[in-house]
Amino acid sequence: MICLTFDNFGCVAALPPCPFPEVVPASEWAAYNRIGLEIGHPRILQLLRQLGIRATFFAEGYAAILHPQEVLRWRDAGHEIGLHGWKHEEWSTVVDEEQENHLVDLAVTAMGDLLGDRPIGFRPPGLRINPWTDAVLERHGIRYVGQDPAPEPDPRMAALGRATGAGERPLTLTRHALLPCSNRRIDGDLIAPAYGGIFGTLDGETSFARYHEMALAHEARTPDKPWVFIAHPFISGHRAWFGFDNFVRRLAAELGPGAFVSCREALGV
C-alpha cells in the first residue's frame, strides 16, 4: 500500500538564507512557501482528484490560523489532515516536556477548532522524537506517529541552518502506532536544487523514476505494509512538478488508485 503524504503548509516557518543561490534566485527562495500554496497545492489537489487518490497532509498547527481555507480544501477533498508541529519546529531540539506539551496543545487545539475534529496523526519535523514525546502525544489524543525508527545523523541539515539534537539516537514510541518514514523517501533527497530539491544531484524526472522503482519493489515484497513517500508542494508542485505528476500517474496506472491510502487507513487506527 502506498501512503502519499505531504508536509509544510506554506508560510508557517521562516526559511533560512538560500544555500544554493547559484541555481535558485533569492527572490524565489524567499517566496517558496507562497509558491507552494499558490502553485503547488492546486496542482497536487487536482492530480489527486483526477486519479481518485486519498492522501495525508501533515500540516503545521499554525496553518489552521494562517491558511484555514486552504487546509479545509484538503479536508473537503477527502484527505486526512495530520499534524507537523506548531510552526515546523525541529522536534528533536524541543528543550523539555513542558515546551513540547505546549506546542502540541497549540497545534491540536487550532487544527481541531478548524476541522471540528482533532487530528490523530503526528509527524515530527525531522522525523525524530524525544524521550517524553510518547506521554505528551498520548495526553492530546494522538494515535499514530510518523517517525524514522532508525535515524542517522544527517550533516546536510547544517547547510539549511537546521540543528539536530537528542533525537539523533534511535527512540521509538511504544504507545502509538508507528508509521515508518525516512529521509530517503522524501522529494528533497534525490532532486537537485536546480529542479526544486534540497540535497540531491538528479533532475526531477530521473529522481522520481528512482522513487517509482522503490515503490514497485516495496509493493512486490510487502504489499500489506505502508510505503510512505513525503512530498512538499513547494518542491513537487513547483520545479519538480512534471516528474512528480508522472510518478503518481504511473503508480496509479500500474497499481490502481486503491493502492493509495491515507496513513490512518494504512494503520487501521
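Description of the structure in this document. Small disclaimer: the values here were computed from a predicted structure and weren't measured.

### As for the overall build of the chain
If you tally the helices and strands in the chain, you get 11 helices and 7 strands. Against the 2.2 N^0.38 benchmark of 18 Å for 269 residues, the chain shows a C-alpha radius of gyration of 17 Å, consistent with a compact globule. Projecting the C-alpha coordinates of the chain onto the three principal axes gives extents of approximately 45 × 40 × 35 Å. For the chain, the proportion of its 269 residues judged to be buried stands at 56%. Taking all contacts inside the chain whose residues are at least 6 apart in sequence as the whole, residues at least 24 apart take part in 77%. Summed over all atoms, the accessible surface of the chain reaches about 11,100 Å², with 53% contributed by carbon and sulfur. Of the charged side chains in the chain, 25 are positive and 33 negative; the average position of the first set lies 3 Å away from that of the second.

### Quick look at helix 10 (residues 241-255)
For helix 10, spanning 15 residues, the distance from its first C-alpha to its last is 21 Å, which sits close to the expected 21 Å at 1.5 Å a residue. Buried within helix 10 are the following residues: Trp241, Gly243, Phe244, Asp245, Phe247, Val248, Leu251 and Ala252.

### Concerning the nonpolar core
Counting 66 residues, the largest nonpolar core has Leu4, Phe6, Trp74, Phe244 and Phe247 as its most contacted members. At 8 residues, helix 2 (residues 32-51) tops the list of elements feeding residues into this core. Look past the residues within four positions of Trp74 in its chain and what remains in contact with it is Phe6, Phe9, His41, Ile44, Leu45, Leu48, Phe57, His79 and Ile81. Core analysis: the second largest hydrophobic core is formed by 14 residues, Leu127, Tyr144, Cys181 and Ile230 among them.

What counts, and at which threshold
- Residues numbered from 1 in each chain as written.
- Predicted model: local features only at pLDDT ≥ 70, side-chain atom pairs only at ≥ 80, totals over all residues.
- Heavy atoms only, no water.
- Helix = DSSP H or I, 4+ residues; strand = E, 2+ residues; numbered from the N terminus.
- Rg over C-alpha atoms; globule rule 2.2 N^0.38 Å.
- Buried < 20%, exposed > 50% of the residue type's maximum accessible area, 1.4 Å probe, protein only.
- Contact = heavy atoms within 4.5 Å.
- Areas by Shrake-Rupley, 256 points an atom, 1.4 Å probe, with all protein chains shown as cover.
- Lys, Arg positive; Asp, Glu negative; His and termini not counted.
- Charge placed at Lys NZ, Arg CZ, Asp CG, Glu CD.
- Expected span 1.5 Å × (residues − 1).
- Core = buried A, V, L, I, M, F, W, Y, C linked by side-chain atoms within 4.5 Å.

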